[in-house]
Amino acid sequence: MPRLVGLVGLATIASLFMQPTQAVVDPENVEFVLNADRAANESLLWGTYRPNLYFGTRTRLPESLMSGLIWFDASNFQGFQRARHACDQGDGIQGYGYQKHDGRTYAMQKINDAPSNIAITTEFIKIPGGEHGGDWGVRIHGIPVDNQHPSTTSIIYYFGLEGEGSMDITSQISRKGLRSPVRIEGDTPDLGDFEIEIVDGPLNRNPTQVVDGHDLSRTQWWGVEVDDKQIWRAKDIIMPKILDEARTRLSRANPEEAMTIPFSYLTLENALSENEGEVANLYAFQKVFHGEFQFDVLFRSASSQEKISVDSISRKLLQKKDEFRERFEKTFHLKEKGFSNKEIEFGEFLLSNLLGGIGYFYGSSIVDRSHHPMQDEETFAGEHTRPQFTSPYSLFTATPSRPFFPRGFYWDEGFHQLVIGKWDNGLSLDIIKHWISLIDENGWVGREQILGEEARSKVPPEFQTQFPHYANPPTLYLAIKRYVDRVSSHRHAIFEETAQLTFGSFDDPVLLNDLHLESPVLARAWLDSVYPKLRLNWQWFRATQRGHLDRFGRQAPHDEAYRWRGRTPEHTLTSGLDDYPRGEPPNIGELHADLMSWMAFATRLLKDIASELDKPDDVAEYTKIESEMLENLDALHWSEEEQSYCDQTIEQGAPVHVCHKGYASLMPLVLGLLPPDSPKLGAILETIRSEDELWSPYGLRSLSASDPYYNTGEVYWRGPIWININYLTLQSLYNNYMNTPGPYQARAKEIYGELRNNLIRTVYKDYRKTGYVWEQYDDATGQGQRSHPFTGWTSLVLLIMAEQYA
């Protein structure tokens, strides 16, 4: 199985033996490390890795067998126009998302499609084994939302094959349709031989009307060869085919009769559309049901030992559901903390839909490399960009929002991994490793990963191009710091338990979660593999985002100053805080307090990693630079007059503070850079608690209510409440101030308790009302706003409920 290890996994292992100093893995441990990496990749080969769809599966391979679900209300012809496939905020669905998802082997999702009068449950189960990721099954169950009205649902499950390989229907072919179970056999170079079964449930009711010989008690079907790079457009291929067939049949029908049985006309043709030399690589299987229904889709790998069946899927779904609940409580202790069953289910949703948002992406991105990364922006303002496609590459990542942001964002991903890392350390490290593999030879990584045509279809053209001198907050450092802390806390336990880890341990999916905590060999190997690129990224930041001191006559004790490149009037998209007010107009003399804070935090993390890896020279370098950054943070950005950290800009040739109290000014506190006895801490805590500044009954505002820019313009980061910075505030109060002796300890504890309660109440109340968690929340009403469901960093509410900040 040459490709199951994966390109990233192989690169990680190879890097262990390419260090200029001594090898970091003893020869006797090489096979152990290699097998651990292979087992991790195999356990994650298959998954619900098409997060932009309501439901779909694929592998973590560039060319994959993919599946997906389409459905529509077949009780009237208008329902066809509302066919569901890709998640869409305009669909009017009254809540959807994964209620349970363990990230590896089990998932359960509910979709409340009231406009189509059907509530659909999708369940996914994977049985590891063999050499190709094991077997998996899907159970689709539907029940009418309103039993008082007749419900007729047309549902299509399709398979598409990218790259080399073949698929064929082995069931008896008939123009009436295919009897259950429908059988397909296929093979690919990466998956070997496989078979698929689609099996009806025992209590389904189908329409009895027959049009043109089509028997709707059977599965209707269609096979066609398409460009394998267009498999993702399955809905755009399948639905026009159904429409063409309907028009042909309707041309021969009695119009009044047809209006009473639209479902009999809106069906596939039960044929292969293959010209000479063509081989179908897209198969669609359609079922039509009255009322409640259920069917199973079973994928069996020829190399797996334990073959999945209808009986085993039923048994294992119940087993996995119980295991998920037990593990969830063992991990987050919400019942122990007094939360109700409904609140615990809410917490399970936050975790599960975040995990259900994990996707595998492959393709080219668009990058404009026409300007040198060190070229200052004043020298090319207004020049036309020259975007070019990169070579294709892959990314395994969580996504902020399945309908609106179904792709990787560097700014978001570090926050995602705080939650995922707490649940499944190994899965989180795998995702982080993929992101770090994208850091190029200069140290740059694109802030938004728009890979391939499918991803680009969701992004306006003007936002698709990435620039290699543009940064983004290095939030992956947050998640890596958590891992370093977990390794440190496990150090004594893993020393005692290492001998118990054998190759046989890799067969246990549960043990895979914590392999890199339980084994010091694997922990050291992982840190060693990511450290060179992390250091390169840090060096890139220090070179390309450096601000000017001498040029504008600034007085500072050290040469540490930073500004975000990519500024435009009214926006600093690269900061992650988009429209948060800065100095206007933009100029190259700006310095940004939030970026200086991120740099100090990153330097501290690298110091901790270097210490773990026994690199004393690097530790000494980071220690010195961190100290200089912190000194300059105060010297350049603290305003005694405003009692706040502020940006700087240039006015009439001289540097001045630009003070907008809000998330940017909080960064020294939320990243834990202030000592607990700092008088600046006291001033910032009062800004946080002031209702005229950041405090609201629903969470901390992004911008002070007293700021002239408050609730102006786009009102994006100019007032609304965002969970990511609220979470960072809480975790810093908890970790650095309320439990540490100091003059502000009591105040920090008081603010922490109130803020935590406000945030939980806000997000939970709106979830109960709308069925969604949201991108942001209104600071005046607590109402959710903008994209939804947004179980990206809003899922941090789970860690707030659990009070898990380490």
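Structural data are supplied above this passage.
Cut-off values and rules
- Residues numbered from 1 in each chain as written.
- Predicted model: local features only at pLDDT ≥ 70, side-chain atom pairs only at ≥ 80, totals over all residues.
- Heavy atoms only, no water.
- Pairing = 2+ DSSP bridges.
- Helix = DSSP H or I, 4+ residues; strand = E, 2+ residues; numbered from the N terminus.
- Expected span 1.5 Å × (residues − 1).
- Buried < 20%, exposed > 50% of the residue type's maximum accessible area, 1.4 Å probe, protein only.
- Arc of directions from axis to C-beta.
- Contact = heavy atoms within 4.5 Å.
- Axes fitted to C-alpha atoms, helices over the stretch in contact; angles between N-to-C directions.
- Core = buried A, V, L, I, M, F, W, Y, C linked by side-chain atoms within 4.5 Å.
- Disulfide = S-S within 2.5 Å.
- Phe/Tyr/Trp six-rings, centres within 6.5 Å; stacked < 30°, edge-to-face > 60°.
- Lys NZ or Arg CZ within 6 Å of the ring centre and 35° of its normal.
- Patch = residues over 30% accessible without salt bridge, like charges linked within 9 Å, V, L, I, M, F, W, Y side chains within 5 Å.
- Areas by Shrake-Rupley, 256 points an atom, 1.4 Å probe, with all protein chains shown as cover.
- Salt bridge = Lys/Arg side-chain N within 4 Å of Asp/Glu carboxyl O.
- Lys, Arg positive; Asp, Glu negative; His and termini not counted.
- Charge placed at Lys NZ, Arg CZ, Asp CG, Glu CD.
- Bend = angle between axes of the 7 residues up to and from the residue.
- Parallel < 35°, antiparallel > 145°, perpendicular 65-115°, else oblique.
- Nonpolar A, V, L, I, M, F, W, Y, C, P; charged D, E, K, R; others polar.

**Q** Where do I start with the sheet that holds strand E3 (residues 65–73) in this structure?
**A** Strand pairs in the sheet, formed through backbone hydrogen bonds, run parallel or antiparallel to each other. Taking strand neighbours across the sheet as the criterion, the 7 strands line up as E1-E2-E3-E8-E14-E12-E13 in an open arrangement whose pairing is mixed. The open sheet terminates on both sides in strands that have one partner only, identified here as strand E1 (46–47) and strand E13 (271–273). As paired elements, strand E8 (residues 152–161) and strand E14 (residues 282–290) share 9 bridges and run antiparallel to each other. Bridge pairing links Ile-155 to Lys-287 in E14.

**Q** Would you mind showing me how to read helix H4 (residues 234–250) here?
**A** Along an α-helix, a turn takes 3.6 residues, which lines up residues three or four apart on a common side. The end-to-end C-alpha distance of H4, which contains 17 residues, comes to 24 Å, matching closely the 24 Å that a straight helix rising 1.5 Å per residue would cover. Within the sequence span of H4, burial applies to Ala-234, Ile-238, Met-239, Lys-241, Ile-242, Glu-245, Ala-246 and Arg-249. Within H4, the buried residues cover an arc of 155° as seen down the axis, which keeps them to one side. Tucked into the core, H4 has its buried residues touching E3, helix H3 (77–80), E8, strand E12 (220–224), E13 and E14.

**Q** I would appreciate a short explanation of the sheet that holds strand E6 (residues 118–127) in the present structure.
**A** Reading across from one edge, E4-E5-E6-E7-E15-E11-E10-E9 is the order of the 8 strands in this open sheet, with antiparallel pairing throughout. Each edge of the open sheet carries a strand with a single partner, namely strand E4 (96–101) and strand E9 (166–169). Strand-to-strand, the axes of this sheet are offset by a mean angle of 15°, without reference to chain direction. Two strands pair when backbone bridges link them, and E4 and strand E5 (residues 106–113) are joined in this way by 5 bridges, in the antiparallel orientation. Paired with Gly-97 across the strands is Lys-110, a residue of E5.

**Q** Explanation requested: the nonpolar core in the structure shown.
**A** Nonpolar side chains in soluble globular proteins tend to be buried together. Leu-65, Phe-285 and Trp-717 are the most contacted members of the largest nonpolar core, which has 191 residues in total. In terms of residue count, the dominant contributor to this core is helix H15 (residues 593–612) (12 residues). Among all residues touching Phe-285, those that are not within four sequence positions of it are Ile-155, Ile-156, Tyr-157, Phe-159, Ile-169, Leu-178, Val-182, Ile-184, Ile-198, Thr-219, Gln-220 and Trp-221.

**Q** Please explain the environment of Ala-525 as it appears in this structure.
**A** Structurally, the position occupied by Ala-525 is in helix H14 (residues 520–544). Overall, the relative accessible area of 5% leaves Ala-525 in the buried class.

**Q** Explain the environment of Glu-343 to me, please; I cannot follow it from the model alone.
**A** Its place among the elements puts Glu-343 in helix H7 (residues 341–356). On the basis of relative accessible area, Glu-343 is assigned to the partly exposed category, the value being 21%. As a C-alpha pair, Glu-343 and Gln-643 span 300 residues in sequence and 39 Å in three-dimensional space. Excluding residues that lie within four positions of it along the chain, Glu-343 makes contacts with Tyr-764 and Met-801.

**Q** Looking at this structure, how should I read the state of the cysteines?
**A** Note on terminology: disulfide describes a covalent bond linking the sulfur atoms of two cysteines. This structure, assessed with the given rule, holds 1 disulfide. With its sulfur 2.0 Å from that of its partner, Cys-646 forms a disulfide with Cys-659. Disulfide Cys-646-Cys-659: torsion about the S-S bond near 100°, hence right-handed. With Cys-646 in the loop between strand E24 (644–645) and strand E25 (647–651) and Cys-659 in the loop between strand E26 (654–658) and helix H17 (663–670), the pair connects residues that are 13 residues apart, well separated along the chain. The exposure class of Cys-659 is partly exposed, given its relative accessible area of 23%.

**Q** How do you make sense of the packing of aromatic side chains when you look at a structure like this?
**A** One pair of aromatic rings is described through two measures. These are the centre distance and the angle between the planes. Tallied over the full model, the rule gives 47 aromatic pairs. These aromatic residues form a ring-pair network of at least three members: Phe-404, Phe-405, Phe-409, Trp-411, Phe-415, Tyr-663, Tyr-716, Trp-717, Trp-722, Phe-790 and Trp-793. Cation over ring: Arg-233 sits above Trp-232, and NZ or CZ is 5.3 Å from the ring centre. The positively charged end of Lys-680 is found above the aromatic ring belonging to Trp-638, 5.5 Å away from the centroid.

**Q** Could you clarify how one ought to interpret a negative patch on the surface in this entry?
**A** Together, Asp-168, Glu-185, Asp-187, Asp-193, Glu-225 and Glu-274 line one region of the surface with negative charge. Note on placement: Glu-274 falls in the loop between E13 and E14.

**Q** Whenever I open this one, helix H8 (residues 410–423) confuses me. Can you help?
**A** Here H8 is 14 residues long and its end C-alpha atoms lie 20 Å apart, about the 20 Å a rise of 1.5 Å per residue gives. Roughly 30° is the biggest bend found in H8, and it falls at Gln-417.

**Q** What's the story with the pattern of salt bridges in this structure? I'm lost.
**A** Oppositely charged side chains can pair when the atoms bearing their charge come close. On inspection of all chains with the given rule, the structure shows 48 salt bridges. In this structure, Arg-247 and Asp-244 form a salt bridge, with 4.0 Å as the shortest nitrogen-oxygen distance. Pair noted here: Arg-247 and Asp-244 are both in helix H4, with a separation of 3 residues, about one helical turn. A relative accessible area of 44% places Asp-244 in the partly exposed class. With its nearest N and O atoms 3.1 Å apart, the salt bridge here joins Glu-750 to Arg-747. With Glu-750 and Arg-747 both in helix H20 (residues 745–770) and 3 residues apart, the pair spans about one turn of that helix. Taking relative accessible area as the criterion, Glu-750 reaches 39% and is therefore assigned partly exposed. Within the structure, one salt-bridge network assembled from shared partners comprises Asp-212, Lys-241, Glu-245, Arg-249, Arg-252 and Glu-269.

**Q** Any chance you could explain the packing of H7 against H20 here in plain terms?
**A** For any two helices packed against each other, the geometry comes down to the angle between their axes and how far apart the axes lie. Axis separation between H7 and H20 bottoms out at 11 Å; the angle between their running directions is 90°. Judged by the inter-axis angle, H7 sits roughly perpendicular to H20. Between H7 and H20, the residues in contact are Lys-342, Glu-343, Phe-346 and Phe-349 and Val-763, Tyr-764, Tyr-767 and Arg-768, respectively. Taken together, the residues of the contact of H7 with H20 sort by class into 5 nonpolar, no polar and 3 charged.

**Q** For this particular structure, what's the right way to read unusual backbone geometry?
**A** For residues besides glycine, phi is generally negative; the peptide bonds are generally trans as well. The omega torsion of the bond from Ser-180 to Pro-181 falls at 0°, within 30 degrees of zero and hence cis. Examined against the element boundaries, Pro-181 turns out to sit in the loop between E9 and strand E10 (182–188). That bond from Glu-584 to Pro-585 is cis: its omega, -5°, falls within 30 degrees of zero. Checked against the element boundaries, Pro-585 lands in the loop between H14 and H15. Here Asp-614, not a glycine, exhibits a phi torsion of approximately 60°, which is positive. Since its relative accessible area comes to 58%, Asp-614 is described here as exposed. A positive phi angle, near 55°, is found at Glu-803, a position not held by glycine. In this structure, Glu-803 sits in the segment after helix H21 (797–802).

**Q** Which parts of the structure should I look at to understand the environment of Thr-568?
**A** Considering the arrangement of structural elements, one finds Thr-568 in the loop between H14 and H15. With 16 residues separating them in the primary sequence, Thr-568 and Glu-584 have C-alpha atoms 9.3 Å apart. Those residues in contact with Thr-568 that sit more than four places away from it in its chain are Glu-584 and Pro-586.

**Q** Can you help me understand the packing of helix H2 (residues 30–43) against H14 in this one?
**A** As a packed pair, H2 and H14 sit with axes 10 Å apart at the nearest point and diverge in direction by 75°. On the basis of the axis angle, H2 is roughly perpendicular to H14. Contact residues: H2 offers Phe-32, Val-33 and Ala-36, while H14 offers Val-521, Leu-522 and Ala-525.

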